[in-house]
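Chain residues, written in single-letter form:
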Amino acid sequence: MLLETISILDGTIQHLSHHQARLSASQRALFTEYTPIDLEDAIRPTSASGQIKCRVRYAQDLIDVTFEPYIPREIRRLKPIDSTIEYAYKYSDREAIEELFSRRGEADDILIVKNGLVTDTSAANIAFYDGSRWHTPKNPLLRGTTRERLLRSGFLTPRDIPIGQIDRFEAFALMNAMIGFLPIRNGIIA
């Protein structure tokens, strides 16, 4: 089962075309037979104020659409965790990611490292600031919709980011559909 997590802000669905593109591409890649899902028809916001987290679960067909108030988590400290995890599609089963997350110790989240290169955190893509540009891992676990949008705009530059070189950057930022692009200037990589 696959998942799209979509932000609804004050009754307005955010960046729907990017979520539609990923959902459609996932269905085409994973299923020989499926019913195309039109997110604009499927999502009916239930609240007109505040930020709502909309979850669309699907496979060959739409399974369900749920809504809940969004409560952000503060993330200031990341713990690097080596892994060989594969997560090219946004699955609703996050057991492997949750197992990695359980190893965070005192940190707020994990920084998943594959073959010595930074990929993502448990719930967000990541970028690093070198003093003039923001760089994001060339090969993330998941090509998030916010990351893709910022790459297309030229705001982010993709590159390999070896874990041993992250102390050279001034700041990092987390990004996903719910938080947008969130710079963390005084964050710590534990």
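Residues numbered from 1 in each chain as written. Predicted model: local features only at pLDDT ≥ 70, side-chain atom pairs only at ≥ 80, totals over all residues. Heavy atoms only, no water.

Asker: For this particular structure, what's the right way to read the sheet that holds strand β3 (residues 51-58)?
Answerer: Strand order across the open sheet formed by 4 strands is β2-β1-β3-β4, with antiparallel pairing between neighbours. What marks the edges here is a single partner per strand, and that holds for β2 (12-13) and β4 (62-69). On the sheet, helix α1 (residues 16-30) packs against β1 (2-9), β2 and β3 and is oriented at approximately 175° with respect to β1. (Pairing = 2+ DSSP bridges. Helix = DSSP H or I, 4+ residues; strand = E, 2+ residues; numbered from the N terminus. Contact = heavy atoms within 4.5 Å. Axes fitted to C-alpha atoms, helices over the stretch in contact; angles between N-to-C directions.)

Asker: For this particular structure, what's the right way to read the pairing of β4?
Answerer: Two faces, one strand: in a regular strand the side chains alternate between the faces of the sheet. Two elements, β3 and β4, share 7 bridges in a ladder whose sense is antiparallel. Among the inter-strand pairings, R57 is bridged to a residue of β4, identified as D64.

Asker: In this structure, what is going on with the packing of aromatic side chains? I would like to understand it.
Answerer: Any pair of aromatic rings gets described here by the distance separating the centres and the angle formed by the planes. All told, the structure shown has 6 aromatic pairs when counted by the stated rule. For the ring pair Y87 and Y91, a centre distance of 6.4 Å and an interplane angle of 65° mean the geometry is edge-to-face. On the basis of relative accessibility, which here comes to 8%, the residue Y87 falls in the buried class. Ring centres of W134 and F181 lie 5.0 Å apart, and the angle between their planes is 90°; this geometry places the pair in the edge-to-face category. Pair noted here: W134 is in strand β9 (residues 134-137) and F181 is in strand β12 (residues 180-184), with a separation of 47 residues, a long-range link. Its relative accessible area of 7% is what places W134 among the buried residues. Given a relative accessible area of 23%, F181 falls into the partly exposed group. Joined through ring pairs, the aromatic side chains of Y129, W134, F155 and F181 make up one cluster. (Phe/Tyr/Trp six-rings, centres within 6.5 Å; stacked < 30°, edge-to-face > 60°. Buried < 20%, exposed > 50% of the residue type's maximum accessible area, 1.4 Å probe, protein only.)

Asker: I keep staring at the packing of α1 against helix α4 (residues 145-153) and nothing clicks. Help me out?
Answerer: Packed helix pairs are characterised by how far apart their axes lie and by the angle those axes make with each other. The interhelical angle for the contact between α1 and α4, taken along N-to-C directions, is 110°, at an axis separation of 10 Å. In terms of orientation, α1 lies roughly perpendicular with respect to α4. Considering how the two elements wind past one another, α1 and α4 form a crossing that is right-handed. Between α1, through H18, H19 and R22, and α4, the contact on the second element is made entirely by T145, R149 and R152. Among the residues forming the contact of α1 with α4, the class breakdown is no nonpolar, 3 polar and 3 charged. (Parallel < 35°, antiparallel > 145°, perpendicular 65-115°, else oblique. Left-handed = near helix turned anticlockwise from the far one by under 90°. Nonpolar A, V, L, I, M, F, W, Y, C, P; charged D, E, K, R; others polar.)

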